[in-house]
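Architecture at a glance
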Protein chains: 2
Amino acid sequence: MTLNYLMPTRMILEDDCLYRNRFLLGELGRKALVVTGKNSARANGAYADAVRALEANGQDHVLFQWVMSNPTDLCVHEAGALARAEGCDFVLAIGGGSPMDAGKAAAVLAVNNIPKEEFFGLAFKTALPLAAVPTTAGTGSETTPYSVLVDTTGPGGKTPRKEGPVKRSVGSSLLFPRLAFLDPKYSMGLNRDITVHTAMDALSHGIEGMLSVRASHISNLLARESIALIQGCLDSLCTFPPDPWALSREVREKLLLASSIAGMAIAQSGTVVPHSMGYLLTLNWGTDHGRANGLLMESFLKWCRAREAADPSIAPRIPSLCSALGMDLDRFCGVMEQLLGKREKATEKELAAWGAMPMKNAANTYIKPGQEDIMEMFQDALAPGDAPR
Amino acid sequence: MTLNYLMPTRMILEDDCLYRNRFLLGELGRKALVVTGKNSARANGAYADAVRALEANGQDHVLFQWVMSNPTDLCVHEAGALARAEGCDFVLAIGGGSPMDAGKAAAVLAVNNIPKEEFFGLAFKTALPLAAVPTTAGTGSETTPYSVLVDTTGPGGKTPRKEGPVKRSVGSSLLFPRLAFLDPKYSMGLNRDITVHTAMDALSHGIEGMLSVRASHISNLLARESIALIQGCLDSLCTFPPDPWALSREVREKLLLASSIAGMAIAQSGTVVPHSMGYLLTLNWGTDHGRANGLLMESFLKWCRAREAADPSIAPRIPSLCSALGMDLDRFCGVMEQLLGKREKATEKELAAWGAMPMKNAANTYIKPGQEDIMEMFQDALAPGDAPR
């Protein structure tokens, strides 16, 4: 057995935890760069709570509220420049994965002079401390050392990138938030699609975490727990009420905790091939990240099961995954189909292009898929053919 | 649900992990205070591995090898003074709980001018970074923010303390080690008693963690996992081989991982009343800390079970504990008796004195024991009467 575990974030889950534990925020610095998307942090009350906490602490802040879904390198450079110009000495990121990932990058860029074309892959030795307030229950960014961004810059700093934008990930232990404030109330009003798709994201983190070459005893413990928590919410998700506020607080809380625990798992193990494949759907179709993972899950898991059955040299992991899910794979795939509804379908041209692309996370998968396997998974998940679904 | 989770230590479990990951040690500073007991760190090879790693990094070190079992305030002040005099900028603690807890205190005292009579209870804002190398599998100090020491100093700095020495605990997030290197090879030769008693310590951390008022969703997950890992070793402990080296590496590794995971649990939840009670056995009889916890476990758990049965307002925890143990309470107590062998017995005078003393961790117990309950537990665990054991 080998193990290399690190997750240094203080996680607090409690009603009104941001305000109640504001003294912890007070330890981070004098002036915050508050990073949010355009609307949701104001609509769900998280921004108001943050301002109340900062003011009670006598801390100043400046707001960067321009994070879009799938934030670009350009956006985070702007946020970093604002932090620098305003003399911010910490970052408070509020929102789903996009504002949190953007906040992490801004925390680096505020104190490192990194040209846009060099941000990905460059090592950095310092970053502002960051607190994260997740307002959706999916990304787990509040407990990971990753920032996933859209790279739009080509060589020499030229934009747009000739080959088109690409989703890339920056990983560093400096990107773990110092603090994660988990307050389920911010997610109470999220509609059916956002709730289901973010839950799919968290679930894919748990599942992919278990199927990573870097899975360890502790990452598996965490991944299984996140899966079990979400499994306990699947019925509620399948019968989502017409009024999103009618989904119980208990379910919202479970989903939020599950997503943070799944984040703790992938902070160790990373994700595997469906995540890389899903990025293409998000970039090309604008498919929500969690939904993209969900669309590819069945094909991937069935491919794993077939490979395990065919090759006795592979130590099987699907049985252990099914025990965490509390159901067999076919039943689980049935639930996923119900949650996904009508699947997006790719054209032959798209399938040919995507199936030929190398996938970064393939090497992290416990059974490394070849290019033909990736093509087959795309076909199976997205082809318009008449295969029964 | 509320949750407040923090465990920022990087844990590495791997053969030869100290040398292989020496670059991490290299990030801690220029000169180490290496803290060990008198013999074991040399006998098991850990000190030699540490020197090899430090030298390969070009790091200097000075050795403090005078930590006794149950280290005193005087001992850790000496270690802190040595670190200061020698200009050490980090601490490397190698051994069981005693050297690790002493190393933590030295890391504080090296950079804080704290008189001996004020160390316990005083807040401090800085400490040297520390790496821990556990060579027994019990204390979990490598993943906790606690240092448990023997206070021998009375008011005005007078020693010995008039009321006699007392075990006291210092807790601060600054005391989490930065690094924990878990290498089962150092524990391979530990004899039957040390192995069993340290396993009892780890087991008591898991069990008490589940029975704390501060238990949380994540601390319970960790506590249950540590309990399950040790449960999987109980048969091997009950049939301990005449040659300690014949206990399999797999069992040693499981015990070591279990103790670190139990440490992660009590880092959140703290321990409960048996720990405070056991300190008296250690101080008065020199009973090993883990054995002391083991001696008190049965009486405590049966008291909890009886109180749960008698009072419907108590949310039962013993059933969940038994599910983690994979056996009912009576069977578990039978295994503990087998491992404990002949019990120590207290005199009437000792029982009367100890039973009348307030126990610090009582308030942390999910059912708060009154003084008469504590008296009853001592009686039940240690009385010479003819109650069947």
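Predicted model only: the values in this text are computed from it and were never measured.

1. Description of the overall build of chain A
- Secondary structure assignment for chain A yields 16 helices and 9 strands.
- Over its C-alpha trace chain A gives a radius of gyration of 20 Å, about what one expects of a compact globule, namely 21 Å for 389 residues.
- Projected onto its principal axes, the C-alpha positions of chain A cover 60 × 50 × 45 Å.
- A burial count over chain A gives 61% of its 389 residues as buried.
- Restricting to contacts in chain A with at least 6 residues of sequence separation, those with at least 24 account for 80%.
- In the structure as shown, chain A presents an accessible area of about 14700 Å², 52% of it carried by carbon and sulfur atoms.

2. Overview of the environment of Lys-116 of chain A
Residue and element names in this part refer to chain A.
- In this fold, Lys-116 is placed in the loop between helix 6 (97-109) and strand 6 (130-134).
- Separated by 42 residues in the primary sequence, Lys-116 and Leu-74 place their C-alpha atoms 7.3 Å from one another.
- Excluding its chain neighbours within four sequence positions, the residues that come into contact with Lys-116 are Leu-74, His-77 and Thr-153.

3. Some words on the domain arrangement of chain A
Residue and element names in this part refer to chain A.
- What the domain assignment reports for chain A is domain 1 (10-187) and domain 2 (192-382).
- A separation of 25 Å is found between the C-alpha centroids of domain 1 and domain 2.
- Facing 25 residues of domain 1, the contacting portion of domain 2 comprises 24 residues.
- Counting the surface lost from both domain 1 and domain 2, the interface buries some 2000 Å², and carbon and sulfur atoms represent 63% of this.
- Taken together, the connections running from domain 1 to domain 2 amount to 1 salt bridge.
- Linking Asp-15 and Arg-249 is a salt bridge whose minimum nitrogen-to-oxygen distance equals 2.5 Å.
- For the side of domain 1 that touches domain 2, the elements supplying multiple residues, two or more each, are strand 2 (10-13), strand 7 (146-151) and strand 8 (166-171).

4. Description of the interface of chain B and chain A
- Across the contact, 25 residues belong to chain B and 25 residues belong to chain A.
- Summing both partners gives a buried area of about 2400 Å² for chain B against chain A, and 63% of it is carried by carbon and sulfur.
- Seen at the junction of chain B and chain A, the total is 0 salt bridges.
- Linking chain B with chain A are 8 residue pairs in polar contact (both at pLDDT 80 or more), by the criterion used here.
- Of all the elements in the fold, those that place two or more residues in the side of chain B that touches chain A are strand 1 (3-5), strand 2 (10-13), helix 8 (217-231) and helix 10 (249-269) of chain B.
- Considering every element that reaches the side of chain B that touches chain A, the biggest residue donor is helix 8 of chain B, with 6 residues.
- Bridge count for strand 1 (residues 3-5) of chain A against strand 2 of chain B is 3 bridges, and the pairing is antiparallel. Residue pairing across strands places Leu-3 of chain A opposite Leu-13 of chain B, the latter belonging to strand 2 of chain B.

5. Points about the side chain of His-205 of chain B
All names here are of chain B.
- Tracing the backbone shows His-205 in helix 7 (residues 192-210).
- You can call His-205 buried: its relative accessible area is 3%.
- Not counting residues up to four positions away in its chain, the partners in contact with His-205 are Gly-138, Thr-139, Ala-262, Ile-266, Thr-271, His-275 and His-289.

6. Considering the sheet that holds strand 6 (residues 130-134) of chain B
- Here 7 strands make up an open sheet; going across it, the order is 1(A)-2(B)-9(B)-6(B)-5(B)-3(B)-4(B) and the pairing mixed. In this open sheet, the two edge strands, each paired with only one partner strand, are strand 1 of chain A together with strand 4 (60-67) of chain B. Strand-to-strand twist of the sheet, defined as the mean angle between neighbouring strand axes without regard to direction, takes the value 15°.
- Strand direction decides the pairing type here: strand 2 of chain B and strand 9 (residues 179-182) of chain B, joined by 4 bridges, are parallel. Residue Leu-13 of chain B lies in a different strand from strand 9 of chain B, and its bridge partner there is Leu-182 of chain B.
- Packed onto the sheet, helix 10 of chain B meets strand 1 of chain A together with strand 2, strand 6 and strand 9 of chain B and runs at close to 170° relative to strand 2 of chain B.

7. Concerning the relation of the copies chain B and chain A
- With an axial shift of 0.0 Å and an RMSD of 0.0 Å, the rotation relating chain B to chain A amounts to 180°. Taken together, these values place the two copies in the relation of a two-fold axis. Closest approach to the rotation axis within chain B is made by the C-alpha atom of Pro-8 of chain B, at a distance of 1.8 Å.

8. Section: the nonpolar core
- Judged by nonpolar contacts, the single largest core of 158 residues is most densely connected at Phe-378 of chain A together with Phe-378 of chain B.
- Residues contacting Phe-378 of chain A, with those up to four places away along its chain left out, are Met-277, Leu-280, Leu-281, Leu-296, Leu-351, Trp-354, Gly-355, Met-359 and Ala-383 of chain A.
- Counting 31 residues, the second-largest nonpolar core is a separate cluster that includes Val-67, Ala-83, Ala-105 and Val-108 of chain A.

9. Describing the packing of aromatic side chains
- For the coordinates displayed, the defined rule picks out 8 aromatic pairs over all chains.
- Among the aromatic residues, those joined into a ring-pair cluster are Trp-285, Trp-354 and Phe-378 of chain A.
- When the ring centre of Tyr-19 of chain A is taken as reference, the NZ or CZ atom of Arg-52 of chain A above it lies at 4.0 Å.
- The lysine or arginine in question, Arg-22 of chain B, covers the ring of Tyr-19 of chain B, its NZ or CZ lying 4.1 Å from the ring centre.

10. Quick word on the side chain of Lys-167 of chain A
All names here are of chain A.
- Looking at the element boundaries, Lys-167 is found in strand 8.
- Asp-101 provides the closest opposite charge to the buried, salt-bridge-free Lys-167, at an N-O distance of 7.3 Å.
- A distance of 3.1 Å separates a polar atom in the side chain of Lys-167 from a polar atom in the side chain of Asn-70.
- Setting aside residues no more than four positions away along its own chain, Lys-167 makes contact with Asn-70, Val-148, Leu-149, Val-150, Tyr-279, Thr-282, Leu-283 and His-289.

What counts as what
Throughout, residues of each chain are indexed from 1 in the direction in which the sequence is written. Chain letters start at A and ligand numbers start at 1, both assigned in the order the entries are written. In view of the model being predicted, local features appear only for residues whose pLDDT reaches at least 70, and side-chain atom pairs are presented and counted only at 80 or more, with totals across whole chains, interfaces and linings using the full set of residues. Side-chain numbers here rest on the full set of heavy atoms in the structure, without hydrogens or water. By the criteria applied, helices consist of DSSP H or I runs no shorter than four residues and strands consist of E runs no shorter than two, each listed in order from the N terminus. We compute the radius of gyration from the C-alpha atoms alone; for a globule the expected value is 2.2 Å times N to the 0.38, where N is the number of residues. Buried, partly exposed and exposed residues are distinguished by accessible area as a fraction of the type maximum, computed with a 1.4 Å probe on protein chains only: under 20%, between the cut-offs, and over 50%, respectively. Residue contacts follow a heavy-atom distance rule, with two residues in contact if any of their heavy atoms lie within 4.5 Å. Residue-level accessible areas treat just the shown protein chains as cover; the underlying method is Shrake-Rupley with a 1.4 Å probe. Bear in mind that the domain bounds are from an automatic or database domain assignment. Once two parts are joined, some of their accessible surface, as seen by a 1.4 Å probe, is lost; buried area is that loss totalled over both. Any Lys or Arg side-chain nitrogen found within 4 Å of a carboxyl oxygen on Asp or Glu counts as a salt bridge. Distance and chemistry together define a polar contact, namely a pair of N or O atoms within 3.5 Å, with one atom able to donate a hydrogen and the other to accept it when in protein, and with adjacent residues in sequence counting only for side-chain atoms on both sides. Pairing between strands is defined by DSSP: at least two bridges between them are needed. Under this scheme, a helix contributes an axis fitted over its contacting stretch, all axes are lines through C-alpha atoms, and angles between N-to-C directions fall in the 0 to 180 degree range. Least squares is the method used to superpose the copies, on C-alpha atoms of residues holding a pLDDT of at least 70 in both. Take the buried Ala, Val, Leu, Ile, Met, Phe, Trp, Tyr and Cys residues and link them wherever side-chain atoms come within 4.5 Å; each set so joined is a nonpolar core. Working definition: a ring pair exists when centres of Phe, Tyr or Trp rings (six-membered ring for Trp) sit within 6.5 Å. Plane angles under 30 degrees give stacked, over 60 give edge-to-face, the rest tilted. Cation placement over rings: the criterion is NZ of Lys or CZ of Arg within 6 Å of the ring centroid and within 35° of the ring normal. In summary, the charge assignment counts Lys and Arg as positive and Asp and Glu as negative, without counting His or the chain termini.

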